[in-house]
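# Geometric and topological summary
Residue strings, one per chain:
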Amino acid sequence: MREYKKLWWTLFAVLAITFAILGYFGKEVYRVAPPIAEQFISQDGHTYTSKEAILDGQTAWQSVGGMQLGSIWGHGAYQAPDWTADWLHRELTQWLDLAAQDTHGVSFDELSEELQQPLLWALKKEYRTNTYDPTSGTVTLSIRRLAAIEKTAAYYDALFGGDPQLKQTREHYAMKEITLPNAERRKKLTEFFFWTAWAAATERPDGSATYTNNWPHEPLIDNKPTAENVMWSIVSVVLLIAGIGALVWAWSFLHKDDEAPTPPKQDPITSFSLTPSQKALGKYLFLVVALFTFQVLLGGFTAHYTVEGQSFYGIETSQWFPYSLVRTWHIQSALFWIATGFLAAGLFLAPIIKGGRDPKYQKLGVDILFWALVVVVVGSFVGNYLAIAQIMPAHLNFWLGHQGYEFVDLGRVWQIGKFTGVAFWLVLMLRAILPVFKQEGDKNLLALFSASVVAIGLFYAAGFFYGERTHISVMEYWRWWIVHLWVEGFFEVFATAALAFIFHSMGLVSKRSATVASLASASLFLLGGVPGTFHHLYFSGTTTPVMAVGATFSALEVVPLIVLGHEAWEHYKLKERSPWMAKLKWPLMFFVAVAFWNMLGAGVLGFSINPPISLYYVQGLNTTATHAHAALFGVYGFLALGFTLLVLRYIRPTMQFDDKLMKTAFWWMNIGLALMLFTSLLPVGLIQFYASASKGLWYARSEALLQSDVLVALRWIRTIGDVVFIIGAFAVTWQVVKGVFGIDKDVSLPVTTGVTSPVLAGTEQGAIDNDSCCGGCTQANEGAK
């Protein structure tokens, strides 16, 4: 501890400060969330809707797929409209037509520009003026505005109710026919959409910006970026440049190249006997690639719905497997298989940490956890289906069906099951880790690894801090604790510590290098990553301070990602350290891909949409999908597959990777992902970006633009990248299946299982030796012989 004291105190300070910021401004999210008025009433006393009705509409929206069918405040799917922007624009144009008819007897479009201007001024004044009375809890609407609202609501009722005249529109939006059968719930749904648009158009009482910081861009009422938006965007760019410069200087002057240890003659990890719990991990690896293959195929299916909204190459499929359902399964299966890959890596390391021995009943625990994961996966998928098919009773939807929130779509019961499984994994890990701390020696890397394990086990619980009827601004705050903080923060630290642990266990890097690099990386990732959570909340009913914090820290979040080329090179060079490393070539290559996509997908493409001025125009467009695919699969997908291949290599010691198969897997997935991004998603996103900046977000997500010849052609072109990627996915899946089930096994390799390292024999209970956090593996090479 003493040697790394400064690094530990730096990490503690980073965690204390950043979580204080996250908590303080989280309280601000609660305080300044857009009000849901007790009643919305017209000037003549007619009640349009109420708080309870709006929340009922929120639950109706959740039941049809929520964020998997269009988006709200820019968060969700990209095919159907953003319902906030679409409703707002439709209501505004209805108001203008009613005003033109009242004053001139013709529609608004028939008026001269000279006659249009007074109506546009009156429109802006009426919509941006805040009539919310906190004393009575009411919002007053003009009679004309109420008429415009009712006309807009009628359109949405017809759209979600299956009106034959809107069949083509539903097809273009990838909606199934009769999306929401219950007429009363459709009415409540329209009232929820209205409220989100009201918040986006109405100025806060104490400022000149709307409750959503003037988002979405809507020229009709002068919704445009605020001055603070522009200022903090510039600050974020300056901080990014300064951060990169500081990192380069710190690396140049403070970095010390430790002399690499002499690699052992044989892989020290193979000097351990495979324990029963490690042998039981094969089924985890099969589950990873089974869900991965399912997810990849669903990705192609989902993408095809963007050109044939209700069919798959002419076959009517939307009534059984609509876009909102297959997109839900696509995202949820990705989270399941990636998490399973990480859990398997941890369970493989646990006996090694304990010195090559299982804690009592460890295999039983590993088996129970596996089947619990299967139950949660199957149960949540069935629940999703029953919810979106509107078979599940409305009162059970949130608990057993579909929560409606992207990345946490599974019903609450299944979410509890998932958390219970992750917590159980934490118990299995700590049973192996904690006794080792009683042994003498340097345990700093083990301490960091243990902390990341605890964080993964506990931070998923953030998803329980909101409920079915929680205000959507508050829900978004907690949802991003999971999507950003849990996944992008603590999984990143876990991956860093786990890789350092593995490479040190192999005797490829020194103990000091592994520990220093892991502690420094953890501080860098969390410094920007924890408060950087707020960059997802610029326009979700928050105020300028949240935007300032999000913009500032999300810029720092990118800094360590830009220099990951060095990490990629270091990983690549490891395969040349010793002849036996050739057997680990492909897991290492997948780790190289992780570093590359971390730099490009999370760093470059991530920062391209992070500054407030950028996100103002591109939130909810395919530019976001470009970053999401490159970061989620490019980083965490390749990392989980790398862990899977690494564990497979050790639990099947007689197996040899099929070089031809792995070349296909590695290169076709990387090339397919690049084609998907740069020949389709990004060009579509840039065209939408221009449309959003020039005409408004409603147009960038409109039927007219999305079904234009150019965008349809670009979405068809995506098929090429998808097919290339799918071939690579099939190749890696077949490699894992061959390894797990012993197909085409190469028995010519020496089997070292059953040989115990002499280092382990001299330690209490076979635990970790005092010079290594992994059982003194780096000293075990003679025993391995």
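Structural data are supplied above this passage.
For clarity, every value in this text was computed on a predicted model and none was experimentally measured. (Residues numbered from 1 in each chain as written. Predicted model: local features only at pLDDT ≥ 70, side-chain atom pairs only at ≥ 80, totals over all residues. Heavy atoms only, no water.)

In this section: the side chain of Arg412. As for its placement among the helices and strands, Arg412 is situated in helix H14 (residues 412-433). Buried charge without a salt bridge: Arg412, with Glu468 as the nearest opposite-charge side chain at an N-O distance of 9.2 Å. With sequence-adjacent residues up to four places away left out, Arg412 is seen in contact with Phe398, Trp399, Gln403, Gly463, Phe464 and Tyr466. (Helix = DSSP H or I, 4+ residues; strand = E, 2+ residues; numbered from the N terminus. Buried < 20%, exposed > 50% of the residue type's maximum accessible area, 1.4 Å probe, protein only. Lys, Arg positive; Asp, Glu negative; His and termini not counted. Salt bridge = Lys/Arg side-chain N within 4 Å of Asp/Glu carboxyl O. Contact = heavy atoms within 4.5 Å.)

Let us look at helix H7 (residues 183-201). With 19 residues, H7 extends 27 Å between its outermost C-alpha atoms, agreeing within 8% with the 27 Å of an ideal straight helix rising 1.5 Å per residue. Extensive coverage of H7 is indicated by the burial of 16 of its 19 residues. Measuring from the backbone nitrogen of Glu184 back to the side-chain oxygen at the start of H7 gives 3.0 Å, which picks out Asn182 as the cap. (Expected span 1.5 Å × (residues − 1). Polar contact = N/O pair within 3.5 Å; in protein donor to acceptor, adjacent residues only side chain to side chain.)

The next subject is the side chain of His536. Locating His536 in the fold gives a position in the loop between helix H17 (511-529) and helix H18 (544-562). On the basis of relative accessibility, which here comes to 12%, the residue His536 falls in the buried class. Within the structure, His536 has its side chain in polar contact with the side chain of His535 (distance 3.3 Å). Non-local contacts of His536, meaning those with residues more than four positions away in its chain, are made with His75, Trp480 and His484.

Before going further, it helps to spend a moment on the pattern of salt bridges. In this structure the tally under the stated criterion is 23 salt bridges. Asp367 serves as the salt-bridge partner of Lys283, at 2.7 Å between the closest nitrogen and oxygen. On the criterion of sequence distance, the pair formed by Lys283 in helix H10 (residues 282-304) and Asp367 in helix H12 (residues 362-388) is long-range, its members being 84 residues apart. Overall, Lys283 belongs to the partly exposed group, its relative accessible area being 24%. Judged by relative accessible area, which is 17%, Asp367 ranks as buried. Between Arg327 and Glu406 there is a salt bridge, and its shortest N-O distance comes to 3.0 Å. Placement of the pair is Arg327 in helix H11 (residues 323-353) and Glu406 in the loop between helix H13 (397-401) and H14, with a sequence separation of 79 residues. Here Arg327 and Glu406 have matching classes, each one buried. Members of the salt-bridge network, linked through shared partners, are Glu52, Asp56, Glu184, Lys188 and Arg469.

Bringing the nonpolar core into the picture now. Within the largest apolar cluster, 239 residues are counted, with the highest numbers of intra-cluster contacts made by Trp83, Met506 and Met669. When residues of this core are assigned to their parent elements, the largest contribution, 24 residues, is made by helix H16 (residues 472-505). Filtering out sequence-adjacent residues up to four positions away, Met669 remains in contact with Phe292, Phe590, Phe633, Phe638, Leu641, Thr664, Phe725, Gly728, Ala729 and Val732. Among the nonpolar cores identified, the runner-up in size contains 6 residues, and Leu240, Leu247, Ala555 and Phe607 belong to it. (Core = buried A, V, L, I, M, F, W, Y, C linked by side-chain atoms within 4.5 Å.)

A sheet is described by the order of its strands in space; here 4 strands give the open sequence S2-S1-S6-S5, paired in mixed fashion. Each edge of the open sheet carries a strand with a single partner, namely strand S2 (47-50) and strand S5 (132-133). (Pairing = 2+ DSSP bridges.)

What follows covers the packing of helix H23 (residues 659-694) against helix H26 (residues 709-740). Two numbers describe a pair of packed helices, the interaxial angle and the distance between the axes. With their axes 7 Å apart at the nearest point, H23 and H26 run at an angle of 160° to one another. Between H23 and H26, the angle is such that the two are roughly antiparallel. Considering the relative orientation of H23 and H26, their crossing is left-handed. For the contact of H23 with H26, the class distribution of residues is 25 nonpolar, 8 polar and 4 charged. (Axes fitted to C-alpha atoms, helices over the stretch in contact; angles between N-to-C directions. Parallel < 35°, antiparallel > 145°, perpendicular 65-115°, else oblique. Left-handed = near helix turned anticlockwise from the far one by under 90°. Nonpolar A, V, L, I, M, F, W, Y, C, P; charged D, E, K, R; others polar.)

The side-chain alternation of strand S1 (residues 39-42) yields one buried face, formed by Phe40 and Ser42, and one unburied face, formed by Gln39 and Ile41. Alignment of S1 against S2, held across 3 bridges, turns out to be antiparallel. For Phe40, the partnering residue across the bridge sits in S2 and is Thr49. In this structure, the hairpin formed by S1 and S2 is closed by a connection of 4 residues, where Gly45 is found at a positive phi of approximately 90°. With 4 bridges joining them, S1 and strand S6 (residues 138-141) adopt parallel strand pairing. Directly across from Phe40, in S6, lies its bridge partner Val139.

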